[in-house]
Amino acid sequence: MGKRVTLATFAILLAGSLLAGPWGVVRGPGMPDRALDGRDDSGAAVLSDADLPAGSTDVVFSNSVSIGGIALSGRELRFSAAKEGVVLSTTCAANAFLLRDGNWTFDGLEFSGPGVLPEKAHYYGGAIDCCGGALTVTNCSFSRLAARFNGGAVSARLMTGDVRFSDCAFKGNVCGPKNGTGGAVYVSGVLDGPTATL
């Protein structure tokens, strides 16, 4: 007699198969699209410099996904969505995006968090923690994100290039509980260095 599969077991198998698929693609001039499917133990999307081929210029999110950690440095990269309604969610226990010394652009993305300050919230930027370089954020929304110190949604620290936000929405983002700065956005730079446009 065959093995009986309950509805609950089927749901778990289906969820597992969905988690196994790509969550996005990386693009660049003269190179074919390359699927991105890296995930941590919880199934959240992860990405590091080693995952991106030379010449990569764009990371495009195909579907809504939980972000477990995208840690990149020294690149010029644009993050966008393949379609409307793509939501990047995070627990805010770690940075969704941890970016260092590059030129970073976010366009048309929706970031969502847990709505409360987690006990082990990351220190800076519930969605984006950018340290050094330049940051441009356009047509993005940030809701219910949290950071332990600065930038409930976005932290741009020690920036050496300009920081620009345009046509973005921020709702219900928090930082703290003590001495936090910038419930939505925190920006700091080198003296006589970059400008911030919000």
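Here, the structure is the one placed above.
Our subject in this report is the structure included herewith.

Calculation notes
- Residues numbered from 1 in each chain as written.
- Predicted model: local features only at pLDDT ≥ 70, side-chain atom pairs only at ≥ 80, totals over all residues.
- Heavy atoms only, no water.
- Core = buried A, V, L, I, M, F, W, Y, C linked by side-chain atoms within 4.5 Å.
- Buried < 20%, exposed > 50% of the residue type's maximum accessible area, 1.4 Å probe, protein only.
- Contact = heavy atoms within 4.5 Å.
- Pairing = 2+ DSSP bridges.
- Helix = DSSP H or I, 4+ residues; strand = E, 2+ residues; numbered from the N terminus.
- Phe/Tyr/Trp six-rings, centres within 6.5 Å; stacked < 30°, edge-to-face > 60°.
- Lys NZ or Arg CZ within 6 Å of the ring centre and 35° of its normal.

Membership of the largest hydrophobic core comes to 40 residues, with the highest contact counts inside it found for Phe 61, Phe 97, Phe 106 and Leu 135. Other than its neighbours up to four places away in sequence, Leu 135 contacts Trp 104, Phe 106, Cys 130, Val 154, Ala 156, Met 159, Asp 162, Val 163, Arg 164 and Phe 165.

Take the pairing of strand β8 (residues 97–107) next. Examined bridge by bridge, strand β5 (residues 65–73) and β8 share four bridges and lie parallel to one another. Counterpart to Leu 72 in the pairing with β8 is Leu 99. By the bridge criterion, five bridges tie strand β6 (residues 76–81) to β8 in an arrangement that is parallel. Bridging across to β8, Arg 78 finds its partner in Thr 105. In terms of strand pairing, β8 meets strand β10 (residues 128–138) through ten bridges, oriented parallel. Bridge pairing in β10 places Leu 99 opposite Cys 130.

Another aspect to go through is unusual backbone geometry. Positioned with a positive phi, Cys 92 is a non-glycine residue whose angle comes to about 70°. Here Cys 92 shows up in the loop between β7 (87–89) and β8. Phi angles above zero are rare outside glycine, and Asp 167 is one such case at about 50°. The topology assignment puts Asp 167 in the loop between β14 (163–166) and β15 (169–171). On the basis of relative accessibility, which here comes to 64%, the residue Asp 167 falls in the exposed class.

Examined bridge by bridge, strand β3 (residues 45–48) and β5 share four bridges and lie parallel to one another. If you follow Ala 45 over to β5, its bridge partner there is Ile 67.

This paragraph deals with the packing of aromatic side chains. Counted by the stated rule, this structure contains 13 aromatic pairs. On the basis of an interplanar angle of 20° and a centroid distance of 4.7 Å, the ring pair of Phe 79 and Phe 106 is categorised as stacked. Pair noted here: Phe 79 is in strand β6 and Phe 106 is in strand β8, with a separation of 27 residues, a long-range link. Comparing Phe 79 with Phe 106, the two get one shared label, buried. An aromatic cluster is defined as three or more aromatic residues linked by ring pairs; in this entry it consists of Trp 23, Phe 61, Phe 79, Phe 97, Trp 104, Phe 106, Phe 111, Phe 142, Phe 165 and Phe 170. It is Arg 148 that lies over the ring of Tyr 123; its NZ or CZ is 4.8 Å from the centre. Positioned above the aromatic ring of Tyr 124, the side-chain terminus of Arg 157 is 4.0 Å from the ring centre.

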